[in-house]
Every structure is written in structure tokens, then in C-alpha cells.
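The primary structure of each chain is shown beneath.
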Amino acid sequence: MTALAPLSHPVAATIRATIQRVLTQVNALSAGGPGWTRPSYSDLESQAHALIEAEAKALDMQVWRDAAGNLFARLPGQDPSRTPLYCGSHLDTVAEGGAYDGQAGVAGALALAAALRATGTTPAADFILTVTRAEESVWFPVSYIGSRAALGRLAPEDLTARRVDTGRTLADHMRDQGFDPEAMLRATPPAPARFLEFHIEQGPVLDRAAEPFALVSAIRGGLRYRAAHITGAWAHSGGAPREGRADAVVAFADLVMAMDRVWERFLAQGADLTVTFGRVDAASPAHAMAKVAGSLDFCLDLRSDDPATLDAADHAFRAEIARIEAARPGVTFDLGAQSRSAPARLSDRMLDWVAGGAARTGATPRRMLSGGGHDAAAFAAAGWDSVMVFLRNWNGSHCPDEGMDPADLALAVEAVLAALLDEAAA
Ligand SMILES: [Zn+2]
């Protein structure tokens, strides 16, 4: 593989300036700190989309929105019959989230379009900047709302999901922002094409290895119980003997330790799995120091690259619950609704395509799994040739301290640009 001549200074400068400008302007739109908060289908998310629309128009791109409010902007290719490349990410955040989750992917996609303009290159196929709505499932308990809407894969019942903070439905919030949920359900999705998403890693692997970016070969799916409940029996902490207690906290502790052993066993067998409990609440504010807790709420998040592993882990989870209920009379578990997102294998062809571009810039990015779910999973599930490019980040993710170096994103953009320039010259 011969290396491309280094990018001319103005093109590299255009990439860096576009990334910096998009990140700065989008992050100025937040409901307040600490960190950044742009809820799904909020005015702030709409304002962020409007900002990217203006940027795309300044590059003379053709802009449109679908009925769910996803934003698209086309840079026409040499041959309209060739499979387009859609490239982008989302602009909503979790509450008190970071400066890069989602934003970096949109900034990278726009920087690619700006770089194509700066080099005077007409890409081989249409390049379509893609800004999805409502990727973060913390607001509505539905995965990949915007991208699945764009792909014609959102179901009518998904529209009745309620936003956690407002209690109003997804359909109501779509209408508030000027979109049409009924038209969305009737819409014909675009033909399957190629999808590329830049995104921060949300894990420590690349930072520890001192590698600026990587290619993602698969995305873990999830199986979740968002509102599970344990019922025990309230009692006096001093008066109730050990014998005969139905302590919800002890039953929960049993379950957590049992699932940690299940997790260890699955890993020892070579399966890919993560097990995470959270939002543990032993009946506050009803609880007090002098009480044996008769009630406890929790959630569970299982993730794997294999649906069969998720099913097997769920089976083990239910078996442990049955064992604990039998061993602790008076304790009962109610798991509530289960929600799932399917694991996604990304496209070998796209992985090789980006790797080829990276090699032209002298980079040799590793291939790795994504632990978090992303829009690229929804595109892959719909039969698109999808790929992700992960960016080194630190201080975790979904938190105000989420760190990323825009220079790493610029290197990743240059790698994809090299692949696009090769394709245009072929
Ligand atoms: Zn994200």
C-alpha cells in the first residue's frame, strides 16, 4: 500500500476547524450543568439539528428531514446508481452527559464533507451526512428511536413510550418538534446502503494502548430489566430475629453475588457477557435505620455480542431468583418488563474499506467490539453495510468529564477521506 501524499495544509486545517466549530456550537446548547443535557425530542436537540443544517447548507449540500426529524444532507456523487455512503451520529445526550458522545460523530461527518469540498473532489457515490434523533434510550425506553424510524423499523407501540421526565409520549414529543409520527409509520425507508459512524469508545482500551482510533467489528446487544422489584417483610431491626426475616436487601445481595459467579462462569466458557446492576433503592424515603427493608427496586443490564448468550444469562438469572425465593420465605421478585436490543455484526467489506484508507495515512487501527449500543447497530440490523470508527476517550462516558482529543477525530476523518479519495479516483 502506497501512502498518499500528506494532506495539503488547507484541507487538514478545514477538518480541524470544522470539528472544533461543530463541537463548540453544539455544546453551547445545553439545559445546564454539570456536563451537557440535550434530551431526545427537546427544543435543544432541534436547535442542534438546525445548527448542522446551516453548516451543511454553507457547504452547498442538499438538505432534507424525514417524518421523524432525522436530518440528511447530500453531497452528490459521480454516479447516482452507486451505493451511497451515509455518515453521522446523534446530538441528544443523557442527563449531565459528556461533550463528545454523539457530537463527535456529527462533527466528523461534517468535517468529511468539508474536506471533500476543500479538495474539490466529487465522491464516487453520494455522500449523505446523517444526523439522527433520540439515540439515547434513557429518555424513552426504546432503543435507537431516530435511526430505526429512518429505517422503517419503529413499531406503532414504540410511539406510546413515555419520556421519563415529562411523562408524555414519544408521539407527543415528535409532534411538539414539528414532526409527524403517523407519516413516519407509513414512510418508505431509503434503500439499504453504507453507513459509517465516528464515536468515542466509551471504554479505556484505546487510551491505555495509546491508540488514537480503531475499527469496530461488532456491537454488543442488551437485555434489560429497567424496573425490577423485590418484596420482603418490613420488620424492626432490633426486634426481628435473624430467623424468619424476609429482608429485601439481603435477598438482593444474594442475587448480585450469584450473578457475579454466573458472569465468571460464562467468561470461563469463552462467552462474551457483561452483567451490571444499578439504580438500587431500598425503599427510600420509607426506609430508616431501625427498619428491615421490606421493599427494594433495582435494574439489571446484560450485554453480549451473541443473542444466545443473552438468553442463557437470562435463564441463569431466573434460576437464581427461584433459588433465592425458595431459600428465603416471604421474599418475592417481580422483574417487570424486559427490553432488548439485538447484537450487531458490522460489515467486513466496510471494515476493509476504512482500513485501506487508514493504511494510506500510515495508520493501522485495531478491530474491537463496542460495548455500548449505537445507531450503526440499527443500520446493520436493517441490512446496511455498517461500520464504526472508535475514538480514544478517557474519564469514562455519559458523564461531564468525558474526554476526547479533537486531533484524534481529525486523524480518523483523514483515514476515511483517504478511502473516499481512492474510490473517487478509481
Ligand atoms: Zn452515542
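For clarity, every value in this text was computed on a predicted model and none was experimentally measured. (Residues numbered from 1 in each chain as written. Predicted model: local features only at pLDDT ≥ 70, side-chain atom pairs only at ≥ 80, totals over all residues.)

1. Here we look at helix H8 (residues 248-268)
Here H8 contains 21 residues, and its C-alpha end-to-end distance of 30 Å stays within 8% of the 30 Å for a straight helix at 1.5 Å per residue. Among the residues making up H8, those that are buried are Ala248, Ala251, Phe252, Leu255, Met259 and Val262. In an axial view of H8, the angular spread of the buried residues amounts to 95°, which keeps them on one side of the axis. Turned more than 90 degrees from where H8 packs its buried face, Met257, Asp260, Arg261, Glu264 and Ala268 sit exposed. Elements that come into contact with the buried residues of H8 comprise strand S7 (221-231), strand S9 (274-281), strand S11 (295-304) and helix H9 (307-327). Glycine 270 lies just past H8 and shows a positive phi near 90°. (Helix = DSSP H or I, 4+ residues; strand = E, 2+ residues; numbered from the N terminus. Expected span 1.5 Å × (residues − 1). Buried ≥ 20, exposed ≤ 12 C-beta atoms within 10 Å, placed from the backbone. Arc of directions from axis to C-beta. Contact = placed C-beta atoms within 7 Å.)

2. Quick look at helix H10 (residues 348-360)
The terminal C-alpha atoms of H10, which comprises 13 residues, lie 18 Å apart, in line with the 18 Å expected from a rise of 1.5 Å per residue. Those residues of H10 that fall on the buried side of the exposure criterion are Met350, Leu351, Trp353, Val354, Gly357, Ala358 and Arg360. Its buried side turned inward, H10 meets strand S5 (194-200), strand S6 (213-219), strand S15 (367-370), strand S16 (385-391) and helix H12 (406-425). With its phi angle positive at about 85°, glycine 362 sits one or two positions after the end of H10.

3. Some thoughts on the domain arrangement of the protein chain
Taken as a whole, the protein chain is organised into domain 1 (9-219 + 343-425) and domain 2 (222-341). Using only C-alpha atoms to locate each centre, domain 1 and domain 2 end up separated by 36 Å. Contact residues are listed per partner, giving eight residues for domain 1 and ten residues for domain 2. Looking at side-chain class alone, the side of domain 1 that touches domain 2 contains five nonpolar, three polar and no charged residues. (Domains from an automatic or database assignment. Nonpolar A, V, L, I, M, F, W, Y, C, P; charged D, E, K, R; others polar.)

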